[in-house]
Amino acid sequence: MNTQWLTKEFGLCMALAVSILLLMVFMGSAYGIRVLVEASCYAIIALGLTIQWGYAGLFNAGIMGFVAIGGFSAMLLTFPVNQGFWSSDQASDLGQAFLKLLGAVVIVWAVVQLRRLSVPRSIRLPLLLITLAVAYLWVVNGFAPVTQAIVSQHGFIGGFGMPVWVGWLVGGILAGTVAYFIGHICLGLRSDYLAIATLGVAEIIKAFLKNSEWLTRGTLTVSPLPWPVPSAGEVGFITARALYLSVTAVLIAIIFYLLHAAYKGPWGRMMRAIRDNELSSAAMGKDVNQRRLEVFILGCILMGIGGAGLATFNGIFDPNGYLPLHHTFLIWVMVILGGPGNNLGTLFGAVFVYVIWIMSEPVALFILNTVSYFGNLWFAWEAPSDFASRALQARVFSIGLIITLVLRYAPKGLFPEKVQQYS
Amino acid sequence: MNEFVFFINNVLISGVVIGSIYALGAVGITLIFSILRFAHFAHADLMTLGAFFAFFLTALFPAIGPALGLPTAFVMLPLAMGLTALTAVYLDKAFYKPLRAQGVKPIVLVMASLGVTLMLQGLIRMFMGTSSRNLYIDDRKGIHRIDVPFELANRPIVITDPQILLILFLVVAVIALHLFLTRSKLGKAMRAMSDNPDLARVSGINTQKVVTVTWIIAGSLAAAAGTLLSLDVSLKPDLSFMLLLPIFAAAIVGGVGHPYGALAGGFVIGFAETLSVFNWAVLLRPFRDQLWFDLPANLAFVPTEYKITVPFFILLAILVWRPTGLFKGKVL
Amino acid sequence: MHLLEAKNVHGGYGGMNILNGLDLAINADEIGVIVGPNGAGKSTLLKAIFGLLRVTEGSIELRGELITNADPGELVLKKMAFVPQEKNIFPSLTVQENLEMGAYSRQDNYQHILEQVYHFFPPLADKRSQPAGELSGGQRQMVAMGRALMIEPSLILLDEPTAGLSPLYMADIFERIVTINAAGVGVLMVEQHAKQALKIAHKGFVLVAGQNRFTDTGMNLINNPEVAKAFLGG
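Residues numbered from 1 in each chain as written. Chains lettered and ligands numbered in written order. Predicted model: local features only at pLDDT ≥ 70, side-chain atom pairs only at ≥ 80, totals over all residues. Heavy atoms only, no water.

A.B. asks: Even after reading the chapter, I still don't get the nonpolar core, so can you show me in this structure?
C.D. replies: If you look at soluble globular proteins, the nonpolar side chains tend to sit buried side by side. Of all hydrophobic cores here, the largest spans 224 residues; its most connected members are F59(A) and F41(B). At 17 residues, the largest contribution of residues to this core is made by helix α1 (residues 2-36) of chain B. Sequence-distant contacts of F41(B), defined by excluding residues within four places in its chain, comprise A195(A), I196(A), L199(A), V110(B), S113(B), L114(B), T117(B), L244(B) and F248(B). (Core = buried A, V, L, I, M, F, W, Y, C linked by side-chain atoms within 4.5 Å. Buried < 20%, exposed > 50% of the residue type's maximum accessible area, 1.4 Å probe, protein only. Helix = DSSP H or I, 4+ residues; strand = E, 2+ residues; numbered from the N terminus. Contact = heavy atoms within 4.5 Å.)

A.B. asks: Whenever I open this one, the packing of α1(B) against helix α11 (residues 239-254) of chain B confuses me. Can you help?
C.D. replies: In a packed pair of helices, the relevant descriptors are the angle between the two axes and the axis-to-axis distance. All names here are of chain B. One can describe the packing of α1 onto α11 by two numbers: an axis separation of 8 Å at closest approach and a directional angle of 65 degrees. As judged from the angle between their axes, α1 and α11 are roughly perpendicular. By crossing handedness, the relation of α1 to α11 is classed as right-handed. Contacts from I21, Y22, G25, A26, I29 and T30 in α1 reach L243, P246, I247, F248, A250 and A251 in α11. Residues of the contact of α1 with α11, tallied by class, amount to 10 nonpolar, 2 polar and no charged. (Axes fitted to C-alpha atoms, helices over the stretch in contact; angles between N-to-C directions. Parallel < 35°, antiparallel > 145°, perpendicular 65-115°, else oblique. Left-handed = near helix turned anticlockwise from the far one by under 90°. Nonpolar A, V, L, I, M, F, W, Y, C, P; charged D, E, K, R; others polar.)

A.B. asks: Explanation requested: helix α11 (residues 237-264) of chain A in the structure shown.
C.D. replies: An α-helical turn contains 3.6 residues, so any two residues separated by three or four positions project in the same direction. All names here are of chain A. The end-to-end C-alpha distance of α11 is 40 Å, a good match for the 40 Å that 28 residues give at a rise of 1.5 Å each. Regarding α11, the residues found buried are A240, R241, Y244, T248, I252, I255, F256, L259 and Y263. In this fold, the buried residues of α11 make contact with α2 (29-55), α7 (164-186), α10 (232-235), α12 (266-276), α14 (288-314) and α16 (343-379). (Expected span 1.5 Å × (residues − 1).)

A.B. asks: What's the story with the side chain of T78(A) in this structure? I'm lost.
C.D. replies: Residue and element names in this part refer to chain A. In this fold, T78 is placed in helix α3 (residues 63-78). Side-chain polar atoms of T78 contact the backbone oxygen of A74, separated by 2.4 Å. With residues up to four places along the chain from it excluded, the contact list for T78 reads S73, G161, M162, P163, V164, G167 and P226. (Polar contact = N/O pair within 3.5 Å; in protein donor to acceptor, adjacent residues only side chain to side chain.)

A.B. asks: Would you mind showing me how to read the packing of aromatic side chains here?
C.D. replies: Centre distance and the angle of the planes are the two values used to describe a pair of aromatic rings. Applying the stated criterion to the full structure yields 31 aromatic pairs over all chains. A centroid spacing of 5.6 Å and a plane angle of 15 degrees characterise the contact between Y96(B) and W215(B), whose relative ring orientation is stacked. One end of the pair, Y96(B), is in helix α5 (residues 77-102); the other, W215(B), is in helix α10 (residues 207-232), with 119 residues separating them in the sequence. Taken together, the ring pairs in this structure connect F4(B), F6(B), F7(B), F278(B) and W280(B) into an aromatic cluster. Directly above the aromatic system of Y90(B) lies the positively charged group of K93(B), at a separation of 5.4 Å from the ring centroid. A cation over an aromatic ring shows up here: R176(C) above the ring of F120(C), its NZ or CZ 6.0 Å from the ring centre. (Phe/Tyr/Trp six-rings, centres within 6.5 Å; stacked < 30°, edge-to-face > 60°. Lys NZ or Arg CZ within 6 Å of the ring centre and 35° of its normal.)

A.B. asks: Hey, could you run me through the domain arrangement of chain C in this one?
C.D. replies: How big an interface is tends to be stated in terms of the accessible area lost upon association of its parts. All names here are of chain C. Taken domain by domain, chain C holds domain 1 (1-76 + 155-163 + 186-234) and domain 2 (80-152). Computed from C-alpha atoms alone, the centre-to-centre distance between domain 1 and domain 2 is 24 Å. Taken residue by residue, the interface counts 18 residues in domain 1 and 12 residues in domain 2. In this assembly, domain 1 packs against domain 2 so that about 1300 Å² is buried in total across both faces, 67% of it on carbon and sulfur atoms. (Domains from an automatic or database assignment. Buried area = accessible area lost by both parts, 1.4 Å probe.)

A.B. asks: I tried to follow a nonpolar patch on the surface on my own but got confused; where do I start?
C.D. replies: Together, V18(A), L22(A), V25(A), F26(A) and M27(A) give the surface a local cluster of nonpolar side chains, amounting to about 520 Å² of exposed area. Taking relative accessible area as the criterion, V18(A) reaches 46% and is therefore assigned partly exposed. (Patch = residues over 30% accessible without salt bridge, like charges linked within 9 Å, V, L, I, M, F, W, Y side chains within 5 Å. Areas by Shrake-Rupley, 256 points an atom, 1.4 Å probe, with all protein chains shown as cover. Salt bridge = Lys/Arg side-chain N within 4 Å of Asp/Glu carboxyl O.)

A.B. asks: What exactly am I supposed to notice about the domain arrangement of chain A here?
C.D. replies: Examined at the domain level, chain A breaks down into domain 1 (43-79 + 157-320), domain 2 (83-155) and domain 3 (323-416). The C-alpha-based centres of domain 2 of chain A and domain 3 of chain A are spaced at 46 Å.

A.B. asks: What exactly am I supposed to notice about the packing of helix α8 (residues 185-195) of chain B against helix α3 (residues 95-102) of chain C here?
C.D. replies: Packing of α8(B) against α3(C) leaves a shortest axis separation of 10 Å and a crossing angle of 105 degrees. Regarding the angle of α8(B) to α3(C), the classification is roughly perpendicular. Packed against α8(B), whose contacting residues are K185(B), K188(B), A189(B), R191(B) and A192(B), the element α3(C) presents E97(C), E100(C) and M101(C) at the interface. Among the residues making up the contact of α8(B) with α3(C), the classes are represented as 3 nonpolar, no polar and 5 charged.

A.B. asks: In this structure, what is going on with the interface of chain B and chain A? I would like to understand it.
C.D. replies: Taken together, the contact pairs 55 residues of chain B with 45 residues of chain A. Approximately 4300 Å² of surface area, both sides summed, lies buried where chain B meets chain A, with 77% of it carried by carbon and sulfur atoms. Inspection of the region where chain B meets chain A yields 0 salt bridges. Summed over the shared surface of chain B and chain A, the number is 4 residue pairs in polar contact (both at pLDDT 80 or more). Those elements that place two or more of their residues in the side of chain B that touches chain A are α5, α6 (106-128), α11 and α14 (309-321) of chain B. Of the residues forming the side of chain B that touches chain A, the biggest block, 17 residues, is contributed by α6(B). Of the residues assigned to the side of chain B that touches chain A, the class counts are 43 nonpolar, 7 polar and 5 charged.

A.B. asks: Please explain empty space enclosed by the protein as it appears in this structure.
C.D. replies: Where empty space is left in the structure can be found by rolling a water-sized probe over the atoms. All names here are of chain B. Applying the stated criterion to the full structure yields 3 cavities of 30 Å³ or more. Space inside the largest cavity adds up to approximately 70 Å³. What lines the largest cavity is L24, V27, L170, A173, V174, L177, L221, P259, Y260 and L263. For the lining of the largest cavity, the elements supplying multiple residues, two or more each, are α1, α7 (161-183) and α12 (259-277). Residue contributions to the lining of the largest cavity peak at 4 residues, all from α7. Among the residues making up the lining of the largest cavity, the classes are represented as 10 nonpolar, no polar and no charged. (1 Å grid on protein atoms, 1.4 Å probe; cavity = no way out; pocket = protein on both sides within 12 Å on 5 of 7 lines; lining within 4 Å. Points joined across faces, edges and corners; volume = space filled by probe spheres on them.)

A.B. asks: Please explain the interface of chain B and chain C as it appears in this structure.
C.D. replies: Facing the 18 residues of chain B at the interface are 25 residues of chain C. Together chain B and chain C conceal approximately 1800 Å² of surface at their shared face, both sides included; 58% is due to carbon and sulfur atoms. Per-residue buried area on chain B facing chain C is highest for K185(B), L199(B) and V202(B); these three make up 33% of the total on that side. Between the two partners, chain B and chain C, sit 2 salt bridges. Between E97(C) and R191(B) there is a salt bridge, with its nearest N and O atoms 2.8 Å apart. One can count 8 residue pairs in polar contact (both at pLDDT 80 or more) joining chain B with chain C. When grouped by side-chain class, the residues that make up the side of chain B that touches chain C number 7 nonpolar, 5 polar and 6 charged.

A.B. asks: What should I look at first to understand helix α18 (residues 393-409) of chain A in this one?
C.D. replies: In this model, α18(A) (17 residues) spans 24 Å end to end at C-alpha, consistent with the 24 Å of a helix rising 1.5 Å per residue. Three or more residues of α18(A) are buried, namely Q393(A), R395(A), V396(A), I399(A), G400(A), I403(A), T404(A), V406(A) and L407(A). Contacts made by the buried residues of α18(A) are with α15 (324-338), α16 and α17 (387-391) of chain A together with α5 and α6 of chain B.

A.B. asks: Could you clarify how one ought to interpret the arrangement of the chains in this entry?
C.D. replies: Among the 2 pairs of chains that make contact, the interface with the largest number of contacts is formed by chains A and B. Taking C-alpha atoms as the reference, chain A and chain C come no closer than 15 Å and do not contact one another.

A.B. asks: What is the right way to look at the pattern of salt bridges in this model?
C.D. replies: Between side chains of opposite charge, a pair can form as their charged atoms come close. Under the defined criterion, the tally for this structure stands at 13 salt bridges over all chains. One salt bridge in this structure joins E294(A) and R291(A), with 2.9 Å as the shortest N-O distance. Taken together, the positions of E294(A) and R291(A), both in helix α14 and 3 residues apart, correspond to about one turn of that helix. Taking the relative accessible area as the measure of exposure, E294(A) reaches 28% and is therefore partly exposed. Take R291(A): its relative accessible area is 18%, and that puts it in the buried class. Linking D108(C) and R106(C) is a salt bridge whose minimum nitrogen-to-oxygen distance equals 3.0 Å. You can call D108(C) partly exposed: its relative accessible area is 42%. Take R106(C): its relative accessible area is 10%, and that puts it in the buried class. One network of salt bridges, with partners in common, ties together R106(C), D108(C) and E152(C).

Okay, here's the thing in structure tokens:
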């Protein structure tokens, strides 16, 4: 039984290796390594999802948001310092705006504390709402002129010029913090609510990053982001990318080892017990929601780190580049196809799906061009001008179809989670 | 008084219009949830699909509307609703029913509905491109300017044909739905199944028929909402993207599984949106001399680009304080 | 020919068999009572008979007609009704609507049956437009039985009809079951209150671990010292 699975897994991995080799041969090794680096970043993100979905059955429909937070953090912490801004008046103005924010928080907190003075609820609630509204408008109108001045005079506040690994780490921590708040609210409720809430939070994160021009330059994008390894200009494309790949590979190896240890350990057993039978686990005195919150945060930290790695590699932070299609659904396909709850399967799924995804674009365009060429030749058919962009939507359709088909026909993925039997 | 008219146009009318759209979507979400027990993520795409059906039909027969004195797309609405309902029924047959038969957890159905979302979006863009379109082809949008009978008010209250039709449609649809749920055998069976699906089966209720009817109702309401919204604004393929969060928020605010709650929830979300993006400085401007502070030019709670945060934070607030919604829906 | 006959029934949830070769038969005018310890498969048997649970082996016949693993909707059309133990009403529907749902499969005018049910359970008549969820436990049980009676069943399956009711209501419910039976309806019920139930039973079945331990008339079982000692609390 065991060896049977091994051969199947081995065969799949061999097929993957061959397709990567083919990719290298046809598209050049620089391109091939680029795809592999990106796939490795996606693999980190996918590992984050596989522990959320595979270990704990949590539905995260807003992966994009956590990936974007990671990218943002990589940008903010590692981009060179903008001396022009820090030596100008706006720096202290911005500080004052943040002080106003702090002040507003203190005032709101104080109003909330009125409860201790036994002020009746009928007074407290309207008072709180009015305070909230006024404080909110006060803070917003405090920030508005400062941020406008920053954008018009300095572009944006610039980065902090820190080492790359700090940016990645903070990216993970920020993503985890957001996850804490969302999870805290939603994890006690039905799993559908988490899906809706994460979907919403991802859009809000994106809207914030896109519109906060003083912080992120918005649609103008920030580049080039510094690399943790010598860049292509110094050592050439292939070496630089290969070095980058080794960094992400080591990172994956570490994550993999830690997850493996956790999965085998009491914590992993408890997680799976909760996933498979929530009621009886709760009855045995496990704090189900606390464990779920841990897993949710942990998964989002990995997503943040993966997102940071991806942004650093691309060398550009572009809030508009974060798309639910690429950064949420593609990752879902990687996980459910690879086998949720199986780390190796997820790794396989990430690389496999990403390679196919990348290859599908030139292939789709080739088919299209052929179709429109012969259509024109034989039927004098004129393809619409946006034919190419339309036809690429076939990929969106395929992603959806794959999700539904895998759920129906191979719910455990290509690498099913190995359930250990203790008899 | 002009400021007040501005308020009516931008808050009252806009709120009623967008609230009606959300309500029509949320009723469908809530019905599907109460019968099939999962959050149907592809619902906003059914709305877009319905609007595209209406667009196709309008393009095919552009002269019908002017002949009847109504927007063509509105005349075509029943057909578009039928087509969308049919699509919904077959989507269920193809993608959700097999999973239900396997007895999967509801969350797997949610995921399948995300897959369906992507398929619908891909298909719509494949056939229609990504540009926005006008649902008026051979006719023009009727815009009514109602002068306010007050001195000092020289701005009219503005309301368009599609907005009037939308409000009328909502009233008719709600009455029809109410009568269906309380008077007809099938409607009662629907409520029974929402209450207790196992007992419904034991009582000999044809549960498959109830499921089909649920999809028909949800699909046709979605098509109507999508079409009427596109008539009023324009038809964009990413319509669904802007609708998804608000309609879910509306359904949850109203109490999941509670059609009248969804209706109320739709208006709560709609008005919350228009009130929070409304520039209150406009209303305060006449009193600017009496104020003790300088009136900023813009005193909106939420900039328009952050409108999506409104339904989201209402959703979070309701999940924190009253997860069953305003009308005590199903406890989840 | 028996009204209901189950032979060598095996079945259960998932891979676990709970029923391990059960036999059971009742006639058209009889009350059959199934008793036994917790986990013996009493409720499981009723569900298996009503097609809510897969029967893996054996056969079930209604008036000689094979109904093994039939759809519940089909059984309702064959005038067989089932009252589950819990969640046996539609709480947000009115009492009247609950009863109407019982008659969902009927195409004819069932107004007179509705009146009969109200006549039979007078407390319900006053509360016909009240949501059933607001009723007391005993009245809910009446709604549940009333709903089942709406198809004018020839056989009614009751899963612990007196569970959670006060002794006063319990006697009342048993009395009504006897009346229903006297009107020509076969009854098969599972009961925890074994002694009281066996008193009104024509046939009694003592189940243990998914198999018949004793099968006899109700009175004989009560008087059987072995049964009395092990299952009826002395």
